[in-house]
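Read off the chains here:
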Amino acid sequence: MKPETESCSTESVPPDWDEFWSGSMEKLKAKLEQEMGDRRRAQCMAKIQSHAVQLTLDLIVREPNPDSFFRVLLKALLDQTESQTCGVFRLDDDGAQCEPWMAYLGERFYPDETTAWGDLATAVKDMSSHLLAYTPGWGETIDYEGDDARLPESVRAFNRSIGLQSVAVAPLVLPTRNLGWIALSIGDTPVEWAPWRRATLEAIAQQVTLALHQSRLTEQSLAEARRQAVLEERNRIARDIHDTLAQGFAAILMQLQSAQRNAPLLPPKVARSLDTAVELARTHMIEARRSVGALRPQEIEAGDVAAVLERTTELARRTTDVPIELVIEELPPLGAGVEREIIGIAQEALTNAVRHARARKIKVHAAATRSIGLRLSIADDGRGIAKEQVGAGFGLTSMQERADRIGGSLTIVTAPRAGTEIVLAWEPPAFSLAHS
């Protein structure tokens, strides 16, 4: 008897075994080639990223001035990608306006000055508007053909005039917001260069984003330092006024009032002069104390705007016979920093109305807008502010600076013999990105 194994037939082996084996090897070879290609591309991308970081670090050391740093970085990007134009467009802090910042066209540099753009002014302005409105470009790099229908006609005409074949635009994106865009334009080059050029652009865009963000933080820090310096100087002046003028007028007033008690023994003319001196001393003492209050507005707790407005208005009523109406509606939460500036504006505007307006009535009105903002109005029916004085006085300048610090809008509506209304409008800033 033959073993059972000998009964197996060779028919169980696929007749196309060689073909099957050959096909499997081809698939394996293709897979290996794909993985090797992916690895080479990853290594190339890593090298590009590393080179961009190294370039940025070197430039930070060599070019401490922010404008010089970005100028040299743009030129380096232009040279390394063998491109024709390169430019940066910046968004403002609110993300509502986009403006061209700087650009290279060949060897010519265009700085952050409107008059320097020359014939390019219309094209860059239209490109700024396009970047702001084009939704997909807020979160990813967009490639355009030189005559791309998505681009404004003025930009397309410019591209045709200098032979640009393609434009790549990369957003300068942080996790919380967009700072702007960087654009790179090229002429007629091999198509296989496109991925490498795009990778270089995106790598540089990341470094530009970080550097631009750091530059803005530095500017904010310097602005805060200047503000603190101004506050310290104002406090010093306030102390000097309090310790010298205010105290001096108080002492003079006490002496005059002491002499006034002997007025019955004085000749009538001398008594009248003494009464005038007492009134002058009292008036200037009050003015000195008002100056101290204006220089050093009282600290308030968060949520206390209404109470401080009431105290400020009540104090003003004691110093004038002019009726002062106060209307306070329900106010939104503001934060102590915002509230201090709002109170400072209210105090300054009310003091000006009492001292200078020659008004018959004054009205202070505070209300919420859209449940999250605030509108503060101080209006009088006095003589108004002369055109040449609007924005010229220390008080008006101080109010504008306070409004700017909190991102508010200060409007002064005035006309001769028709009164004045000072309006502060404030809303919390929005930092959300619609596209990420």
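Residues numbered from 1 in each chain as written. Predicted model: local features only at pLDDT ≥ 70, side-chain atom pairs only at ≥ 80, totals over all residues. Heavy atoms only, no water.

(A) Representation of the packing of helix 3 (residues 121–133) against helix 4 (residues 153–162). One way to put it is that helix 3 packs onto helix 4 with a least axis distance of 8 Å and a crossing angle of 130 degrees. Between helix 3 and helix 4, the angle is such that the two are oblique. Along this stretch, helix 3 crosses helix 4, giving a crossing that reads as left-handed. For the pair helix 3 and helix 4, contact is made by Thr 122, Ala 123, Asp 126 and Met 127 and by Ser 154, Val 155 and Phe 158, respectively. Here the residues of the contact of helix 3 with helix 4 sort into four nonpolar, two polar and one charged. (Axes fitted to C-alpha atoms, helices over the stretch in contact; angles between N-to-C directions. Helix = DSSP H or I, 4+ residues; strand = E, 2+ residues; numbered from the N terminus. Parallel < 35°, antiparallel > 145°, perpendicular 65-115°, else oblique. Left-handed = near helix turned anticlockwise from the far one by under 90°. Contact = heavy atoms within 4.5 Å. Nonpolar A, V, L, I, M, F, W, Y, C, P; charged D, E, K, R; others polar.)

(B) Representation of a nonpolar patch on the surface. Residues Met 25, Leu 28 and Leu 32 make up a contiguous nonpolar surface patch of roughly 270 Å² in combined accessible area. The class for Met 25 is partly exposed, based on a relative accessible area of 41%. (Patch = residues over 30% accessible without salt bridge, like charges linked within 9 Å, V, L, I, M, F, W, Y side chains within 5 Å. Areas by Shrake-Rupley, 256 points an atom, 1.4 Å probe, with all protein chains shown as cover. Salt bridge = Lys/Arg side-chain N within 4 Å of Asp/Glu carboxyl O. Buried < 20%, exposed > 50% of the residue type's maximum accessible area, 1.4 Å probe, protein only.)

(C) Examining the sheet that holds strand 10 (residues 409–414) more closely. Spatially, the five strands line up as an open sheet ordered 7-8-9-11-10, and their pairing is mixed. Strands with a single pairing partner mark the edges of an open sheet, and in this sheet they are strand 7 (324–328) and strand 10. Across this sheet, the average inter-strand angle for adjacent strands is 10 degrees, counted without regard to direction. Pairing between strand 8 (residues 362–369) and strand 9 (residues 373–380): eight bridges, direction antiparallel. Paired with Thr 369 across the strands is Gly 373, a residue of strand 9. Contacting strand 7 and strand 8, helix 7 (residues 305–318) runs over the sheet at an angle of about 175 degrees to strand 7. (Pairing = 2+ DSSP bridges.)

(D) Main features of the sheet that holds strand 1 (residues 85–91). An order of 3-2-1-6-5-4 is seen for the six strands of this open sheet, with the pairing classed as antiparallel. Either end of the sheet is taken by a strand with one partner, and the two such strands are strand 3 (108–110) and strand 4 (142–145). Each adjacent strand pair in this sheet contributes to an overall mean axis angle of 15 degrees, direction not counted. Sheet topology places strand 5 (residues 166–173) next to strand 6 (residues 178–186); eight bridges connect them, and they run antiparallel. By the bridge assignment, Ser 166 is partnered in strand 6 with Ile 186. Sheet strands touched by helix 2 (residues 66–80): strand 1, strand 2 (98–105), strand 3 and strand 6. Its angle to strand 2, the strand with the most contacts, is close to 55 degrees.

(E) Molecular detail of the pattern of salt bridges. Evaluation of the coordinates by the stated rule reveals 14 salt bridges. A salt bridge links Arg 150 to Asp 148, with the shortest nitrogen-to-oxygen separation between them at 2.9 Å. Taking relative accessible area as the criterion, Arg 150 reaches 36% and is therefore assigned partly exposed. For Asp 148, a relative accessible area of 12% translates into the label buried.

(F) Region of the structure containing the nonpolar core. Ranked by internal contacts, the top residues of the largest apolar core, which has 33 residues, are Ile 342, Ile 362 and Leu 376. Element by element, the count of residues in this core is highest for helix 8 (residues 336–356), at nine residues. With sequence-adjacent residues up to four places away left out, Ile 362 is seen in contact with Val 322, Pro 323, Ile 324, Glu 325, Leu 350, Ala 353, Val 354, Ile 378, Ala 379 and Asp 380. (Core = buried A, V, L, I, M, F, W, Y, C linked by side-chain atoms within 4.5 Å.)

(G) Structural context of the packing of aromatic side chains. Per the stated rule, a full pass over the model turns up four aromatic pairs. Ring centres of Phe 70 and Trp 101 lie 4.7 Å apart, and the angle between their planes is 65 degrees; this geometry places the pair in the edge-to-face category. In this pair, Phe 70 sits in helix 2 while Trp 101 sits in strand 2, placing the two residues 31 residues apart along the sequence. Among the residues examined, Phe 70 registers a relative accessible area of 3% and is labelled buried. An angle of 50 degrees between the planes, with centres 6.3 Å apart, marks the rings of Tyr 134 and Tyr 144 as tilted. Pair noted here: Tyr 134 is in the loop between helix 3 and strand 4 and Tyr 144 is in strand 4, with a separation of ten residues, a long-range link. (Phe/Tyr/Trp six-rings, centres within 6.5 Å; stacked < 30°, edge-to-face > 60°.)

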